[in-house]
Structure formats: C-alpha cells, structure tokens
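Below, each chain spelled out in residue letters.
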Amino acid sequence: MTTIADPPRTRTEHPPTPPRGIALADSATVAEGTIDVVGQPVPGSEEILTPAALEFLALLHDRFADARCELLLARQRRTRQIADGDDPDFLPTTRPVRDDPSWQVAGSTGAPGLEDRRVEITGPTDPKMTINALNSGAKVWLADAEDASSPTWENVVGGQQALHAAIRGTLSFDGPSPDGGRTPGKHYALRSTELTDLPTIVFRPRGWHLFEKHLAYTGTDGSTQPASGSLVDFGLYFFHNAAELIARGRGPYFYLPKLEGHREARLWNEVFETAQDALGIPRGTIRATVLIETLPAAFEMEEILHELREHCAGLNAGRWDYLFSVIKCFRDRGDSYVLPDRAQVTMTAPFMRAYTELLVATCHRRGAHAIGGMSAFIPDRRDPEVTEQAFAKVRADKQREAGDGFDGSWVAHPDLIPIAREAFDAVLGDAPHQVARRRDDVTVGQAQLLDVASARRAGATVTEAGLRTNISVGIRYVASWLRGTGAAAIDHLMEDAATAEISRSQVWQWIRSATTTDDGVTITRDLCEAMVRELLTTEPRQAGDRLEDAAAIFREIALGDAFPPFLTTGAYARYL
Ligand SMILES: CC(=O)SCCNC(=O)CCNC(=O)[C@H](O)C(C)(C)COP(=O)(O)OP(=O)(O)OC[C@H]1O[C@@H](n2cnc3c(N)ncnc32)[C@H](O)[C@@H]1OP(=O)(O)O
Ligand SMILES: O=CC(=O)O
Ligand SMILES: [Mg+2]
C-alpha cells in the first residue's frame, strides 16, 4: 500500500495518481465514525469518493463536526444580539494579541506561487471554466465551491474531478456542437501541463454554515447527520491533491469564506493541523487567505490572522458578503440603519472605506497580503459600449485598491485581467507586492466601521427602481442557481450567492423598516408581492427555467416574517 506521507517529490518528477486505499500517515488517526454516500452516483463519483477519501472525511468529522455546530449556534446568538442593539466592537479579551507587535503570519514565505497575487480571477470549477481560468494569464485562480457555485451533487463531485485532472495536467473539454453534430464543438485544453506555468490555484471550500446532504456522517454515538460542506470540499481537495500540488510546487492553498470570528479561524487551523498530520504533510504547508466578509469578523481581523498565523497568507476584502452581513446584523434596527439601493453603496462609502483601510493596515502590520474584492461590472463581447463602461468602472476600482495598499485583487472575467494588471503594475512595478508599505496612518475604530448611515448621508437613496431591481435580480439569480449555475451575468453585472443575498436582505429590511423611497413610495410586503407577480408575467419564459421555484424561495427569504440567515441553506435542503 502506498502512503502519501512520502517526502514531496521534485517538481519535474510527476507522481502517478496514487492507488486507491491510501493509508493515513498516522495509524492513530484512523476514523471512528463513517461517511456514507447517500447521493446517487454522478460522473466522477468513483474517482473522487474512494473508500480512503471517505475515511479521511470521517476523520475530519470525528474531530470537528461538533465544534462546527457549536460555533454555528454561537454565530446565531451573536447576530441576534447585534440585531437587538448590542454593537460589535473590538474584543477586550484579545487585546494582548492586538497589542503584541512581535508576531507575524507565515505569509507567502515558503509558498511558491503566492508571492505575486496582483490579479486573481475567480470562478466555478466546471471543466470549461477551469480551463479558461487556468489559461487566462491571471496570477491566481480562485477555484470556487462557494459564492460562484450552485452545490448540486454533480457540481460538487464534478468540480473535484475537474480540479483533480487540472492539477495533473490532463483536463480537457469539448463544448457542444453549434449545429447539432455536423461540426464539432470547441475543444478546450490547458495551455501547459506544468502548474508553475499557470495561475496558482487557490481553492475556496463552502462556508461553515453549508452542509452536504449527499454524504451522511455517523458518529461513534450512532447519530447520523449531513456532512459539513466545508469539510467535504476541503477534505476531498486536500486528500486527493495535496501531495501532487506539493510535488508540482504550487500549494495546497485555500480561501476561507464567511468567517464570523477568530474561533472559527481556530477551527480551520485545527482542521489544517489534523489534515496535514494525517497525510504526513508538514504543518504550515497549507496557506489560507481569509475573507473578511462579515461585520463581526471586521472587528477580529488581527485575531483571525493570529489563530491561523502558521498557515495564513493574507486577508481578502469580500465586499458583497460584507454588505450582506451589515444588512443582516442591522436588519431590525429601523430606518437609520437602512442602506440605500445596492447600486449606490460603493466602496467609497465611508463605512466601506473604513473596512478596507483597516484590512490593509492590519495585513501589512502582520506580514500578510491584502487582497481586494470583486467589482461586479463585467464586459460583454457583443456590446462595446457595455464593455467600455465595465472597463472604466473596474479600472477605477482597481486603481483605488492599488493606491490604498492592496497587494492584488479579484476580477470576474478574463477580459478584465489586463485592466487590473495595469492598475497594480502602476503601483507595484516589478515588486511582487507592497506588504512593506505600512498603513500606520489608518486610525479606524468602531464608530467608522458601524457608520452605515454615512452612505445615505452622502446622498445615496432608496428608490422604487432599486427595489424592483432587487426583486428581479434576486429571483433570476435564484432560478439560475436552481438550474445549477452559481454565477451568472444578469443585466451586465456578475451575480452570485453573495450579491443575491444583498438583494433579498435589502428587500426584507426595507419592508421591516417600512422604508419610504426617495420617490415617496412606502415599501410594503404587498407592493413587493405585486412586483414578484409582475416579474413572473413579464420575464421571457423557457421550459425548465425554475422561475416559479425561485419566486417561491424569494418570497420565503425576502418577504417572510422571519429572516433566514442564508438563502442557500433552506433552498439547498429542499430544491437541489
Ligand atoms: C462575491 C464573490 O464571491 S465574487 C467571486 C464569485 N463569483 C465569480 O467567481 C464569478 C466569476 N465570473 C463568472 O462566472 C462569469 O464571468 C460570468 C458568469 C459572470 C459571465 O460569464 P459568461 O456569461 O460566460 O461571460 P462571457 O460570455 O463574456 O464569457 C466569455 C468567455 O470567457 C469565459 N469566462 C468568463 N468568465 C470567466 C471566469 N471567471 N473564469 C474563466 N472563464 C471565464 C467564458 O467561459 C467564455 O469562454 P468561451 O468563449 O470559451 O465560451
Ligand atoms: O466572496 C466575496 C464577496 O464579496 O462576498
Ligand atoms: Mg463572499
């Protein structure tokens, strides 16, 4: 039996795919619980859901399933307290960590392919997008099982299969024939089989809140529960690819989404330690970049870096989920906490700027990369005017980020890579990053982070058109998600699970606060219901478009009395 605890091979000696039944490095780490496949076999099941891989997942669940549930409960309690009026603030108990200038994170030292992250492309992991992203010329590819992914069982397993093949240089894909079979479809292949020639892959597993219902975990007490989406995504990727990535000089690297505090970072750190120990991989090999995309986490950036310091490469300003989190936290606080139309809350709104400034300053003080977020404007290759507008908006966004000290940033589309690269080249030149640029001038405190009213004070408004857009985009996105596509171009904007959360939670908050638009319309449930019905009659329809299901979900998550914490969890349980 082969063990992947063998020392990493040199880059040129590509190892064959290890045989099934890999032994865990440390026999003391044998799983006690079990993971059973309860979903139907899908393409890739045999290759990905091997007995050894399932045993590895069981081990992770043995160790961390309970801790995950406790942290999710703590999250719920904390969000409720904030909604009820208890403002988040920097923690007194962790002041020693913040005041201690001596510690630094691992950063990109000893993490080949992570030194220069000036342009990162993001996207889902189906074979075509995987190949296009890896051929795109970006420095990094965020391979996304989260906001950009609809977690159908086919996507979960198929995404792992595509990554497995891409990492080994064997992935190819044939598009559909354009004329019913007379002409072959477009052939897609990687432009190199060497990972070092391609964007560095940074995989983003699902957040702690999501579960994987097609895998059931049975613990030693005999109770059975759906597996954790985070542990499944991380575990399968790590189990199958860690040794290969090390041998090929590019990883394993992760983005960690939707953390709400440092205890969740600690949990990830423990997962990393267990996973590395179990496969005989030295601790500290993994590097993770943590998304700061919730309001509570903005108050614990330093503590998050500290918890993960042995494994941490940086932080990312995930602006869309951050806005969603702000709305979620303040949803019950009345009109003075209401945000204006989504399109009017830009990154220059004072409370958003406070968050990104603090992120850059915190990262650079600790030797971490600060990575910027996603501008939602996307080009349209058939419409030069739309493309020019998108380029201008993205250029301004990336210039601001580079000027503020970010070390790199995200783009949604390959055509935006040169725009972002130019903005960062102008600031970085030949330097791989600007971590040495301390932002000691930044003095952001609680008041600035919580000043959500600053957006409306600066003149941004709630409009009837904004309400209609939220309803239309929210429902059309959910329909796309139900059809298995987690990122979609809608009205020339990139929409994904995070942007859709903003749309639906704004509608919920506006109803709850009986907000009056700048055109004098009071937002009520009846008004929103009428707009939902109108959309269903005016939207061009196709068989299987799932628009009715999407409207049903939207009514529940945006028009209901209760505020479901995430749109994806309930919809996943019932519809995917
Ligand atoms: C809030 C957050 O978390 S942001 C991060 C999560 N969101 C994302 O990752 C969104 C990523 N972007 C995308 O998914 C896509 O750009 C979309 C859905 C918005 C638009 O995609 P499309 O409608 O296919 O755009 P378009 O038709 O212009 O694409 C042109 C080509 O570029 C490719 N392309 C577009 N975006 C990407 C991408 N992100 N990665 C790789 N290839 C891409 C398309 O596959 C297409 O290739 P083809 O010519 O071989 O068919
Ligand atoms: O994940 C990124 C975000 O903006 O949300
Ligand atoms: Mg996000």
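For clarity, every value in this text was computed on a predicted model and none was experimentally measured. (Residues numbered from 1 in each chain as written. Chains lettered and ligands numbered in written order. Predicted model: local features only at pLDDT ≥ 70, side-chain atom pairs only at ≥ 80, totals over all residues.)

Of the regular secondary structure elements, the chain holds 20 helices and 15 strands. A globule of 576 residues ought to have a C-alpha radius of gyration of about 25 Å, and the chain, at 23 Å, matches this closely. Each principal axis of the C-alpha atoms in the chain carries an extent, and together these give about 70 × 65 × 55 Å. In the chain, which comprises 576 residues, the proportion classed as buried is 52%. In the chain, once contacts between residues fewer than 6 apart in sequence are set aside, the share between residues at least 24 apart is 77%. (Helix = DSSP H or I, 4+ residues; strand = E, 2+ residues; numbered from the N terminus. Rg over C-alpha atoms; globule rule 2.2 N^0.38 Å. Buried ≥ 20, exposed ≤ 12 C-beta atoms within 10 Å, placed from the backbone. Contact = placed C-beta atoms within 7 Å.)

Moving on to the site of ligand 2. Around ligand 2, the neighbouring residues are Asp147, Leu291, Glu293, Gly318, Arg319, Trp320, Asp321, Gly373, Met374 and Ala498. Broken down by element, the shell around ligand 2 gets its largest block of residues, three residues, from helix α10 (residues 319-329). By residue class, the composition of the shell around ligand 2 is four nonpolar, two polar and four charged. (Near = placed C-beta within 6 Å. Nonpolar A, V, L, I, M, F, W, Y, C, P; charged D, E, K, R; others polar.)

What follows covers the site of ligand 1. Neighbouring ligand 1 are 23 residues; Thr122, Gly123, Asn132, Asp147 and Ala487 lie closest to it. Of all the secondary structure elements, the ones that give two or more residues to the shell around ligand 1 are β2 (119-124), α4 (127-134) and β14 (488-490). In terms of residues, the shell around ligand 1 owes the most to one element, α4, which gives four residues. In terms of residue class, the shell around ligand 1 is built from 14 nonpolar, four polar and five charged. Both domain 1 (27-176 + 190-319 + 347-447) and domain 2 (462-575) contribute no fewer than three residues apiece to the shell around ligand 1. (Domains from an automatic or database assignment.)

Time to look at the nonpolar core. Residues Leu57, Val290, Tyr355, Leu359 and Val478 are the most contacted members of the largest nonpolar core, which totals 168 residues. For this core, the element with the highest residue contribution is helix α6 (residues 229-247), accounting for 12 residues. Of the domains in this structure, domain 1 (27-176 + 190-319 + 347-447) and domain 2 (462-575) are the two that each give at least three residues to this core. Filtering out sequence-adjacent residues up to four positions away, Val478 remains in contact with Ala500, Ala550, Ile553, Phe554, Leu567 and Ala571. (Core = buried A, V, L, I, M, F, W, Y, C linked by C-beta atoms within 7 Å.)

A separate point is the domain arrangement of the chain. Taken domain by domain, the chain holds domain 1 (27-176 + 190-319 + 347-447) and domain 2 (462-575). Relative to domain 2, the C-alpha centre of domain 1 lies at a distance of 27 Å. Contacts between domain 1 and domain 2 engage 20 residues on the former and 19 residues on the latter.

Let us now look at the sheet that holds strand β1 (residues 34-37). As summarised here, the arrangement of the three strands in space is β1-β7-β8, forming an open sheet in which the pairing is antiparallel. A single partner strand is all that each edge strand has here, and the edge strands are β1 and β8 (224-228). On average, adjacent strands in this sheet sit at an angle of 50 degrees to one another, irrespective of strand direction. Both strand β7 (residues 211-218) and β8 contribute to a ladder of five bridges, which runs antiparallel. From the neighbouring strand, Phe211 faces β8, where its bridge partner is Ser228. The strands touched by α6 within the sheet are β7 and β8, with β8 carrying the most contacts at an inclination of about 55 degrees. (Pairing = 2+ DSSP bridges. Axes fitted to C-alpha atoms, helices over the stretch in contact; angles between N-to-C directions.)

So, on to the packing of helix α17 (residues 497-512) against helix α19 (residues 547-558). Here α17 crosses α19 at 50 degrees, and the two axes come no closer than 8 Å. As far as their axial angle goes, α19 and α17 are oblique. Two secondary-structure elements touch here, α17 through Arg504, Val507 and Trp508 and α19 through Phe554, Ile557 and Ala558. For the contact of α17 with α19, a count of residues per class yields five nonpolar, no polar and one charged. (Parallel < 35°, antiparallel > 145°, perpendicular 65-115°, else oblique.)

Moving on: the UniProt feature "active site" (unreviewed entry) in the chain. On the UniProt side, "active site" (unreviewed entry) is annotated at positions that read Arg204 and Asp496 here. Taken along the chain, the residues just named run across 293 residues; in space they keep tight, none of their C-alpha pairs more than 14.4 Å apart. Along the chain, Arg204 turns up in strand β6 (residues 200-204). Overall, Arg204 belongs to the buried group, with 25 C-beta atoms counted inside 10 Å. When near neighbours in sequence (up to four residues on either side) are disregarded, Arg204 contacts Leu142, Ala143, Asp144, Ala145, Glu146, Phe254, Tyr255 and Pro257. With respect to the helices and strands, Asp496 occurs in the loop between β15 (493-495) and α17. Note on Asp496: 28 C-beta atoms within 10 Å, which makes it buried. Ignoring any residue separated from it by four or fewer positions in sequence, one finds Asp496 in contact with Asp147, Ala148, Gly486 and Ala487. (UniProt positions renumbered as here; feature names shortened; annotations may be inferred.)

The end-to-end C-alpha distance of α19 is 16 Å, a good match for the 16 Å that 12 residues give at a rise of 1.5 Å each. For α19, the complete set of buried residues consists of Ala550, Ala551, Ile553, Phe554, Ile557 and Ala558. For α19, the angular spread of buried residues about the axis comes to 165 degrees, placing them on one side. In this structure, the buried side of α19 is in contact with α16 (464-482), α17, α18 (525-538) and α20 (567-575). (Expected span 1.5 Å × (residues − 1). Arc of directions from axis to C-beta.)

Counting buried residues in α4 gives six out of eight residues, a clear majority hidden from the surface. Those residues of α4 not exposed but buried are Pro127, Met129, Thr130, Ile131, Ala133 and Leu134. Against the buried residues of α4 lie β2, β3 (140-144), α5 (153-167), β4 (172-174) and β5 (187-189).

Let's shift gears to the pairing of β7. Sheet analysis places β1 next to β7, joined by four bridges and oriented antiparallel. Within β7, the residue paired with Thr34 across the bridge is Thr218. Hairpin connection from β7 to β8: five residues lie between these consecutive antiparallel strands, with Gly222 at a positive phi of about 90 degrees.

Per the UniProt record, the feature "domain: Malate synthase N-terminal" (unreviewed entry) sits at residues 36-94. Across residues 36-94, the secondary structure splits into 63% helix and 3% strand, with the terminal C-alpha atoms separated by 40 Å.

Turning our attention to the confidence of the model for the chain. Averaged over all residues, the pLDDT of the chain equals 94, while 95% of them reach at least 70. When the criterion is pLDDT under 50, residues 1-22 qualifies, and its contacts beyond four places in sequence or with other chains add up to 38 contacts. Here the complex is predicted with pTM 0.95, and the ipTM for its interfaces comes to 0.99. (pLDDT = per-residue confidence, 0-100.)

Glancing now at the environment of Phe173. Its location among the elements puts Phe173 in strand β4. As for Phe173 and Val119, which are separated by 54 residues in sequence, their C-alpha atoms are 25 Å apart. Once residues lying within four places of it in the same chain are set aside, the contact partners of Phe173 are Pro127, Lys128, Ile131 and Tyr188.

Moving on, we get to the environment of Arg574. Looking at the element boundaries, Arg574 is found in helix α20. Accessibility expressed as a C-beta count within 10 Å gives 11 for Arg574, which makes it exposed. Taking the C-alpha atoms as reference points, Arg574 and Leu163, 411 residues apart in sequence, are found 28 Å from one another.

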